[in-house]
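Overview (structure and organization)
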Amino acid sequence: MNRSARYALRIASLAVALGLWQLLTSRDIDLWLRFSQFPTVTDVAHTFADRLAGADYWTDLTDSLTRILTGFLLAAVLGVATGVLVARSRLAEDLLGPVLEVIRPVPAIALVPVAILLFPSNEQGIVFITCAAAFFPVLVSTRHAVRALTPVWEEAVRTMGGGRWRVLGSVVLPGALPGVFGGLSVGIGVSWICVISAEMISGQYGVGYRTWQDYTVVDYPGVFVGMVTIGVLGWLTSTAVELLGRRLTRWLPRTAHVPAARPKPAPARAAPSPARAAVREDTPAHPEEARDEHLVRD
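Residues numbered from 1 in each chain as written. Predicted model: local features only at pLDDT ≥ 70, side-chain atom pairs only at ≥ 80, totals over all residues. Heavy atoms only, no water.

Another point: the overall build of the chain. Looking only at helices and strands, one finds twelve helices and zero strands in the chain. Mapped from its N terminus to its C terminus, the chain presents α and β elements in the order α-α-α-α-α-α-α-α-α-α-α-α. Burial status across the chain gives 30% buried among its 298 residues. A separation threshold of at least 6 residues defines the contact pool for the chain, and within that pool the share at least 24 residues apart is 68%. Per element, the accessible surface of the chain, about 20200 Å² overall, is 65% carbon and sulfur. (Helix = DSSP H or I, 4+ residues; strand = E, 2+ residues; numbered from the N terminus. Buried < 20%, exposed > 50% of the residue type's maximum accessible area, 1.4 Å probe, protein only. Contact = heavy atoms within 4.5 Å. Areas by Shrake-Rupley, 256 points an atom, 1.4 Å probe, with all protein chains shown as cover.)

This is the structure:
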């Protein structure tokens, strides 16, 4: 299947999903799920168009993007640095490992009271929650990626006179990049979940704050506008992280999805003639056997 056909298939699947949504909500179908309570696709589209024409939508969009990018970049730098340090140093693992493992199971959204107590403004607290959400996926993936590196590479660099920083820049960081970007892809998704939740709880502007306000005033088309906006923003940012990872790891071999071909049956061989079969039986398989047979005959 070529690229055009794949894109057409994706667009068709999205169109079918939207058509099914419109059918179920416009007909007020209540089987087990109450689709009669949902707004239709056309209602959401009209509300979306009205929001795009106003300034509040773009202000909320800018605030959410600023918070997510700031928190995510901080988490990326701190997570990679801490993951490499813990993986390469036993002292750092003994000092930081227990504390990190105790804090890691705590959901980032549960840190909202901590952020309110620690930081003087809600803006700083939301960035802190976003950073904490992405920090641990990046940390864990970096730690495992560094520990999985083969020691032969490091030994080769040290044999040629390379020091600790040379090993870090030539072996550790390039070799761990695929695992690091796997953690970054997970981290950006978790960051969106937590930043929207934090905006709903303690924010003043942002997509999450506006979505919660629409829910409190029973503006369900506005709620779905917020959900669609969050989904599109999450998809765009995760795609950007994936494309950046592919560009920085161009040296990795890429495998394309190609359907496996069925093995062709081996052509049938014709049966040997009786004369040829007799020659094969009289001919030794190896030169040594021919030499020994010659000695016996002599």
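Our focus in this paragraph is unusual backbone geometry. Most of the time, phi is negative for any residue but glycine, and the peptide bond is trans. Look at Asp 28: it is not a glycine, yet its phi comes out positive at around 55 degrees. Assignment of secondary structure puts Asp 28 in the loop between α1 (3-26) and α2 (41-53). Unlike most non-glycine residues, Val 218 shows phi in positive territory, near 60 degrees. You can see Val 218 is positioned in the loop between α9 (207-216) and α10 (220-248).

Considering the arrangement of structural elements, one finds Thr 82 in helix α3 (residues 55-88). What makes Thr 82 buried here is its relative accessible area of 17%. Excluding residues that lie within four positions of it along the chain, Thr 82 makes contacts with Leu 96, Leu 100, Phe 135 and Leu 139.

In contact at an axis separation of 7 Å, α9 and α10 are set at 160 degrees when each is read in the N-to-C sense. Looking at the two axes, α9 sits roughly antiparallel to α10. At the point where α9 passes α10, the crossing takes the left-handed sense. Together, Val 207, Thr 211, Asp 214 and Tyr 215 of α9 and Tyr 220, Gly 222, Val 223, Gly 226, Thr 229, Ile 230 and Leu 233 of α10 make up the contact between the two elements. Of the residues contributing to the contact of α9 with α10, the split by class is six nonpolar, four polar and one charged. (Axes fitted to C-alpha atoms, helices over the stretch in contact; angles between N-to-C directions. Parallel < 35°, antiparallel > 145°, perpendicular 65-115°, else oblique. Left-handed = near helix turned anticlockwise from the far one by under 90°. Nonpolar A, V, L, I, M, F, W, Y, C, P; charged D, E, K, R; others polar.)

Tracing the sequence through the fold places Pro 221 in helix α10. Residue classification places Pro 221 among the buried positions, given a relative accessible area of 18%. The sequence separation of Pro 221 and Thr 42 amounts to 179 residues, and the corresponding C-alpha distance is 9.5 Å. Non-local contacts of Pro 221, meaning those with residues more than four positions away in its chain, are made with Pro 39, Asp 43, Val 44 and Thr 47.

What follows deals with α1. Its 24 residues place the ends of α1 35 Å apart at the C-alpha level, agreeing with the 34 Å of an ideal helix rising 1.5 Å per residue. Looking one or two residues past α1, Asp 28 carries a phi angle of roughly 55 degrees, positive in sign. (Expected span 1.5 Å × (residues − 1).)

So, on to the packing of aromatic side chains. Inspection of every chain in the model, using the stated rule, returns eight aromatic pairs. A centroid spacing of 5.2 Å and a plane angle of 45 degrees characterise the contact between Phe 119 and Phe 128, whose relative ring orientation is tilted. Taking relative accessible area as the criterion, Phe 119 reaches 27% and is therefore assigned partly exposed. Given a relative accessible area of 26%, Phe 128 falls into the partly exposed group. (Phe/Tyr/Trp six-rings, centres within 6.5 Å; stacked < 30°, edge-to-face > 60°.)

Contact pair helix α8 (residues 164-202) / α10: the axes reach a minimum separation of 10 Å and the direction vectors enclose 165 degrees. Between α8 and α10, the angle falls in the class roughly antiparallel. The element α8 and its partner α10 pack so that their crossing is right-handed. Judged by residue contacts, Leu 177, Phe 181, Leu 184, Ser 185, Ile 188, Trp 192 and Ile 196 of α8 engage Ile 230, Leu 233, Gly 234, Thr 237, Ser 238, Val 241, Leu 244, Gly 245 and Leu 248 from α10. Considering only residue class, the contact of α8 with α10 consists of eleven nonpolar, five polar and no charged.

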